[in-house]
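# Report on the structure
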Amino acid sequence: MNFNTRPAQDALLDSTSVAWDTAARWWAVLGGQRALLLQVAHPQVAAAVSEHSNWEARSLQRLVATLRAMLRLSFGSASAASDQAEALGRVHGSIVGRTGDGVGYDADDPDAQAWVLATLIDSLWEVERRFVGRLSETDRNRSVTETRMLARSFNIDLDRFPADATEFRAWFSARAEALQPDDRSRASARSILDPPLRWVPGPAKRFGAVLACDLLPPTVREALELPAARPGEVAKILAWQRRGRRVIPRLPQTLTLNPLVPWSLRE
């Protein structure tokens, strides 16, 4: 079995892509909890994951599975990406139901698919902005173009998906402002911030939860009824951001590669 540390030759995105310089880096995982919180703030998404998965006990596993799927779709071989897309289609095809308010949901719904994909991109941008600080506006425009290429693997109407970074920011902000999380959204959010991981020290878990809440748009954090970071916690986050912006850009790419990449791209 071969483990690859570079995109496959026939991958959707290659090593010159913005996605390879961002989504394939270990620091991108810092936005994982934020992305999950944004996803469950959408009541239909919260209902789907709550009713069709062991969400409360396996939120970390869900995050890892999502990241591996995105890595395979983006950087895996054409056959691996096709297999991954088919596997997602089979899983999504069985996820249908209604929220507590009686609103129907379907995992193949283009609107929900677009929102989930957008949360991953926006979280990646926010973490990069705070902890690395190298992306230019041109890079973000390229990132949106790459995301639109990836969106073809899902049931997403590209005519309604942003075409550049300016459009993406406005579209995402409007969507985030319009979210109306329900009780199930808030329960899922609490599970995301306190996963049952006995091997993670309490202070580390607490800092991860504080960081995830701090990275959220304030309106979403308030709608999910999550606390704002206290002054001492804000100071700690800012200190880590300064360290990251000073150190991460100087590291060779071999030391920033996400360990999930070789595992996800194995043949």
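An account of the accompanying structure is given in this report. From a predicted model like this one, the values you see are computed outputs, not experimental measurements.

Rules used throughout
- Residues numbered from 1 in each chain as written.
- Predicted model: local features only at pLDDT ≥ 70, side-chain atom pairs only at ≥ 80, totals over all residues.
- Heavy atoms only, no water.
- Phe/Tyr/Trp six-rings, centres within 6.5 Å; stacked < 30°, edge-to-face > 60°.
- Helix = DSSP H or I, 4+ residues; strand = E, 2+ residues; numbered from the N terminus.
- Buried < 20%, exposed > 50% of the residue type's maximum accessible area, 1.4 Å probe, protein only.
- Lys NZ or Arg CZ within 6 Å of the ring centre and 35° of its normal.
- Patch = residues over 30% accessible without salt bridge, like charges linked within 9 Å, V, L, I, M, F, W, Y side chains within 5 Å.
- Areas by Shrake-Rupley, 256 points an atom, 1.4 Å probe, with all protein chains shown as cover.
- Salt bridge = Lys/Arg side-chain N within 4 Å of Asp/Glu carboxyl O.
- Lys, Arg positive; Asp, Glu negative; His and termini not counted.
- Charge placed at Lys NZ, Arg CZ, Asp CG, Glu CD.

To continue, consider the packing of aromatic side chains. Summed over all chains, the structure comprises seven aromatic pairs. Aromatic side chains Trp 20 and Phe 75 sit 5.0 Å apart centroid to centroid with 80 degrees between the ring planes, which places their arrangement in the edge-to-face category. Taken together, the residues Trp 20 in helix H1 (residues 18-22) and Phe 75 in helix H4 (residues 59-75) connect sequence positions 55 residues apart. The class for Phe 75 is buried, based on a relative accessible area of 1%. Ring centres of Phe 168 and Trp 171 lie 6.1 Å apart, and the angle between their planes is 40 degrees; this geometry places the pair in the tilted category. Of the two residues, Phe 168 and Trp 171 both sit in helix H8 (residues 165-178), three residues apart, roughly one turn of that helix. Members of the aromatic cluster, each reached through a chain of ring pairs, are Trp 115, Trp 125, Phe 161, Phe 168, Trp 171 and Phe 172. The ring of Trp 263 has Arg 68 sitting right over it, with the charged end atom 3.9 Å from the ring centre. Here the basic side chain of Arg 243 rests over the ring of Trp 240, its NZ or CZ set 4.8 Å away from the ring centre.

Its identity is not glycine, yet Glu 225 carries a phi of approximately 60 degrees, on the positive side. Along the chain, the position of Glu 225 falls in the loop between helix H11 (218-223) and helix H12 (231-247). Exposure remark for Glu 225: the relative accessible area of 60% places this residue in the exposed category.

Moving on to a positive patch on the surface. On the surface, a cluster of positive charge is contributed by Arg 242, Arg 243, Arg 246 and Arg 250. The topology assignment puts Arg 243 in helix H12.

Now for helix H2 (residues 32-40). A large share of H2 lies buried, amounting to eight of its nine residues. Here H2 has its buried residues at Gly 32, Arg 34, Ala 35, Leu 36, Leu 37, Leu 38, Gln 39 and Val 40.

Take the pattern of salt bridges next. All told, the structure shown has 13 salt bridges when counted by the stated rule. With its nearest N and O atoms 2.9 Å apart, the salt bridge here joins Arg 34 to Asp 122. Here Asp 122 lies in helix H6 (residues 110-131) and Arg 34 lies in helix H2, a separation of 88 residues in the sequence. For the pair Arg 34 and Asp 122, one class covers both residues: buried. Between Asp 111 and Arg 175 there is a salt bridge whose closest N-O contact spans 3.1 Å. With Asp 111 in helix H6 and Arg 175 in helix H8, the pair connects residues that are 64 residues apart, well separated along the chain. Look at Arg 175 and you get buried, because its relative accessible area is 19%. One connected set of salt bridges, linked through shared partners, spans Glu 126, Arg 129, Arg 130 and Asp 214.

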